[in-house]
Amino acid sequence: MTLTIGVAVGGGCERLDRVDVAESESSVTITPILLTGLAEACADSVTTEDRAVSLHNPLGERTLVHGDSAE
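Residues numbered from 1 in each chain as written. Predicted model: local features only at pLDDT ≥ 70, side-chain atom pairs only at ≥ 80, totals over all residues. Heavy atoms only, no water.

With that settled, consider the pattern of salt bridges. Applying the stated rule across the entire model yields three salt bridges. In this structure, the salt-bridge partner of Arg18 is Asp20, at a minimum N-O distance of 3.0 Å. Residue classification places Arg18 among the partly exposed residues on the basis of a relative accessible area of 32%. Residue class for Asp20 comes out partly exposed when judged on its relative accessible area of 31%. Between Glu23 and Arg62 there is a salt bridge, and its shortest N-O distance comes to 3.1 Å. (Salt bridge = Lys/Arg side-chain N within 4 Å of Asp/Glu carboxyl O. Buried < 20%, exposed > 50% of the residue type's maximum accessible area, 1.4 Å probe, protein only.)

Put into C-alpha cells, the structure is as follows:
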C-alpha cells in the first residue's frame, strides 16, 4: 500500500531528505527527516513537498502518528 504525504519545507533553508515509517499492529508512525541549513539567507516562504511512502499492510483502522523529526 502506498500513502502520499505532504511535508512543509521552508525558504530554501531546508529540504525533505527522507521519510521514515514505523508500523505496528495499532499504529503507523510517519517521520519526515529534513536537511536544514542549506542557505545562509532564508526566504519567508513555505512550500509543500509530496512524498509517497510504502506501507507493508493497509492503514485500515490503525492510528496515523506524526513522528518527531528532531535528530
